[in-house]
Amino acid sequence: MDKLKVAFVGNPNVGKTALINAIAGTKLKVGNWPGVTVEKKEATVKVDGKELYLVDLPGVYSLSPFTIEERITREFLLKERPDVIVNVVDSTNLERNLYLTTQILELGIPTVIALNVWDEFRSLGYSLNLDKFEELLGVKAVPTVATKGEGTKELLRLITQGEVSLPRPPIYSEDLEKFVKKVEPFVPKGMPKRWASLKLLEGDELIFKELSSESAKAVERVLQELEEFFGESGDSVVAEERYGFIRGVLKQTLKEPVEKKRTLTDILDAIFLNRLLGIPIFLFIMYLVFKLTFDGSGPLIDWTDGFVNDFIAKWVSAAISGFPDWLQSLIIDGIIGGVGTVLTFVPLLLFLYFFLALLEESGYMARAAFVMDRLMRVIGLPGKSFVPMIIGFGCNVPAVYATRTLENERDRKLTALLIPFMSCGARLPIYALFTAVFFKKYQAEVVFSMYIIGIVVATIVGIFLKKFFFKGSAETFVMELPPYRIPTLKMLWTSISVRLGAFLKKAGTVIAAAMVLLWTLINVPYGAPPKDTVLGKTASAIAPLFYSTGIKSWEPVAALIPGTIAKEVVVGALGQLYGVGEEGEVEEEKISFTQDLKEQVVGLVQAIKDSFVAMFGSFKTGVFEIESEEGPVTKAISKAFTPLSAFSYMVLCLLWIPCIVTLGAIYQEFGLKLTVTSIILTTLIPYSVSTILYTLGRLIGVQ
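Residues numbered from 1 in each chain as written. Predicted model: local features only at pLDDT ≥ 70, side-chain atom pairs only at ≥ 80, totals over all residues. Heavy atoms only, no water.

*Asks:* Residues and numbers for the UniProt feature "binding site: GTP 1" (unreviewed entry) in the chain, please.
*Replies:* In this numbering, the UniProt entry assigns the feature "binding site: GTP 1" (unreviewed entry) to G10, N11, P12, N13, V14, G15, K16 and T17. Along the polypeptide, P12 turns up in the loop between β1 (2-10) and α1 (16-24). Here P12 falls in the buried class, since its relative accessible area comes to 7%. Beyond its immediate sequence surroundings of up to four residues, G15 is in contact with V88, N116 and A146. (UniProt positions renumbered as here; feature names shortened; annotations may be inferred. Helix = DSSP H or I, 4+ residues; strand = E, 2+ residues; numbered from the N terminus. Buried < 20%, exposed > 50% of the residue type's maximum accessible area, 1.4 Å probe, protein only. Contact = heavy atoms within 4.5 Å.)

Structure representation (structure tokens):
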């Protein structure tokens, strides 16, 4: 079977990933904001007897090696030499997109242009003479709508039938072409001569490094001649020539609408990007997200809790009644009691990921980064740094990897140190548990305050680090704002399934292993009271250190220890420590398994109905119960904590050492030194903040 390597190249946010999804049906992360595809992503599909290896390269504006994305894309195209390049362009912004196209055409690799978002292009009143466009550029062009899969069949036909030909490089003015010919003899072997010649005239440092000293001096003399002739730098001259060529092509092929309408994007941006309203609107939107998340997921959390800890635990217990006591305890208390308590919060994460995906895919999240630029400048970071932090609200791990979109190493490191203070989805189960006990009427408000506290603490820490350790000014913030779009259900589901799938995978591996380890620590020696076990003694020894934060018992301290493996484990740990699954022997079944299962299905239908009523019945946050009032965990927590100490503990968990996977990501990206620094910061800062909050609360009479 013939194999073809196909590289998808284009500006950020033009739909490269969505186009691959439309072709291969893969589950690549799709986001409607710049920088979401940081690493090379791949997919394989078989079409007409040929195996296509599709590579989704990071979004770039040029092939100059200024950013990490540009270096990744450039290196792949030069060294791996794909069989075909699919240059994906945004049809509604052809002049800017074709600047990259001119450079791709110089590489000498068969190329086809995908004119994406063609539906928007036509709805805005534009038209394009496609035949003339192809003739002037010397390559085939296919109109596509990636989100609907339109144009993909024609694109695949051209690729598989060998109809994608070598491109014809653009020819510029005679004056520039004279200088191109002068540097061509010095181009390093193995590089596309036309492309490399123009890059040398732009002063490309990486190509200059590959020249011998004599060749470098000769090229510098040519470059000096060029600058004297044109009266400006080489890169400016080449850029002007490229845009001149592009304007010439579009003048002959593009017909713009007689009267440009004020688009929906223009109208919304006037509101969302307003200097006075931008930040308040962002905070209100985030509050609304958490209100709807908690109100909507409440009834489903309640049902899931009963399904896992009552239905599943009951029937599994009956099935293993002949097993040794320790094995029954491991399965019921350790695995089902621990992992089950964590899985109870899947509905919560489902709602959160849905609303985050809605904001991302609609185009609003890019505006949030733009709006936050002024605030980020205070801590010496560009607004673009807020993009990884926003991702951190979902999960800190991809947020750390998303720092690759930042050009400056200083900005990358400082951003990575601040990301763990962003409240990820894994911390939500902790908030949900404690707010259900102490703050039933104000759950959304209290949880929202956790996110605000995280941002405030990150700001203060950032200012401190900037002043003493990361001196310097932030890079100029430049970010393309995508048009607002109505997300398709497929786009939303792709985003949700990737995130939720990662959580479930973690629940089935990392969390399950952590709960088994935790059960072992709690039950060694077996049969001893929890306080006399290995974990109990360790937690009891260090518990006095946490008295200043309002924690007066050893169990919450013990839950923090395995919580470093995964934040979700804190809830499962409390479930084990406070006795989930210790309410007595399984009673005689009064109903059959089938009848019991039928009741669970009826309960699920009712929970879905209650969810809609809770979300839209009232603007005020609804009340949901995670466990009944008689539940061992909630009952024990209500005795062990006060509202003030519970709030302090939530803040401690918010800012505490990130999960082991996040630490691994920081180590992989930045090395041991920054990882240790992160651990030190996320140990001292949460302890200090919780102590201050608890002390101030006591001073003003809060219990």
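*Asks:* For the nonpolar core, give the residues involved together with the corresponding values.
*Replies:* Formed by 113 residues in total, the largest nonpolar core has its most connected members in L418, L428, F434 and Y649. Not counting residues within four places of it along the chain, the set of residues in contact with F434 comprises F439, L574, I637, F641, A646, Y649 and M650. Membership of the second largest hydrophobic core comes to 56 residues, among which are Y99, L105, F121 and L176. (Core = buried A, V, L, I, M, F, W, Y, C linked by side-chain atoms within 4.5 Å.)

*Asks:* Provide a residue-level description of helix α29 (residues 643-655), including the pertinent values.
*Replies:* Over its 13 residues, α29 runs 19 Å from end to end, which matches the ideal 18 Å to within 8%, given 1.5 Å per residue. Summarising burial for α29: eleven of the 13 residues are buried, a large majority. Buried within α29 are the following residues: L644, S645, A646, S648, Y649, M650, V651, L652, C653, L654 and L655. Residues of α29 that are buried sit in contact with α21 (428-438), α22 (443-468), α25 (554-563), α26 (569-577) and α31 (672-699). (Expected span 1.5 Å × (residues − 1).)

*Asks:* Residue-level account of the sheet that holds strand β3 (residues 50-56), with values.
*Replies:* Taken in spatial order, the six strands of this open sheet run β2-β3-β1-β4-β5-β7, and their pairing is mixed. Looking at which strands have only one partner, the edges of the open sheet turn out to be β2 (41-47) and β7 (140-143). Across the sheet, the mean angle from the axis of one strand to that of its neighbour is 25 degrees, orientation sign disregarded. In this sheet, strand β5 (residues 111-116) lies alongside strand β4 (residues 84-90) in parallel orientation, the contact comprising six bridges. Each residue of the ladder has a partner; that of V89, found in β5, is L115. (Pairing = 2+ DSSP bridges. Axes fitted to C-alpha atoms, helices over the stretch in contact; angles between N-to-C directions.)

*Asks:* Lay out the side chain of R367 in plain terms, naming residues and giving numbers.
*Replies:* With respect to the helices, strands and loops of the structure, R367 is situated in helix α16 (residues 364-371). Within the local environment of R367, its side chain forms a polar contact with the backbone oxygen of G363, the two atoms lying 3.1 Å apart. If we skip the residues at most four places from it in the chain, R367 touches T265, D269, L273, L481, P482, P483 and Y484. (Polar contact = N/O pair within 3.5 Å; in protein donor to acceptor, adjacent residues only side chain to side chain.)

*Asks:* An account of the pattern of salt bridges is requested, with residue identities and associated values reported.
*Replies:* A complete count under the given rule lists 18 salt bridges for this structure. With a shortest N-O distance of 3.9 Å, E51 and K3 are connected by a salt bridge. With E51 in strand β3 and K3 in strand β1, this residue pair connects regions lying 48 residues apart in the sequence. For K3, a relative accessible area of 63% corresponds to the exposed category. Salt bridges linked by common partners bring E106, K199, E202 and R242 together as one network. (Salt bridge = Lys/Arg side-chain N within 4 Å of Asp/Glu carboxyl O.)

*Asks:* Explain a nonpolar patch on the surface to me, and be specific about the residues and the numbers.
*Replies:* Together, Y667, L672, V676, I680 and L684 make up a nonpolar patch on the protein surface, roughly 510 Å² of accessible area in all. The element contributing the most residues to the nonpolar patch is α31, with four residues. Checked against the element boundaries, V676 lands in helix α31. Its relative accessible area of 38% is what places V676 among the partly exposed residues. (Patch = residues over 30% accessible without salt bridge, like charges linked within 9 Å, V, L, I, M, F, W, Y side chains within 5 Å. Areas by Shrake-Rupley, 256 points an atom, 1.4 Å probe, with all protein chains shown as cover.)

*Asks:* Kindly report on the UniProt feature "transmembrane region" (unreviewed entry) in the chain, identifying the contributing residues and their values.
*Replies:* Mapped onto this numbering, the UniProt entry annotates "transmembrane region" (unreviewed entry) at residues 270-290, 335-359, 414-434, 446-465, 507-526, 646-667 and 674-696. Its end C-alpha atoms 32 Å apart, residues 646-667 is made of 82% helix and 0% strand.

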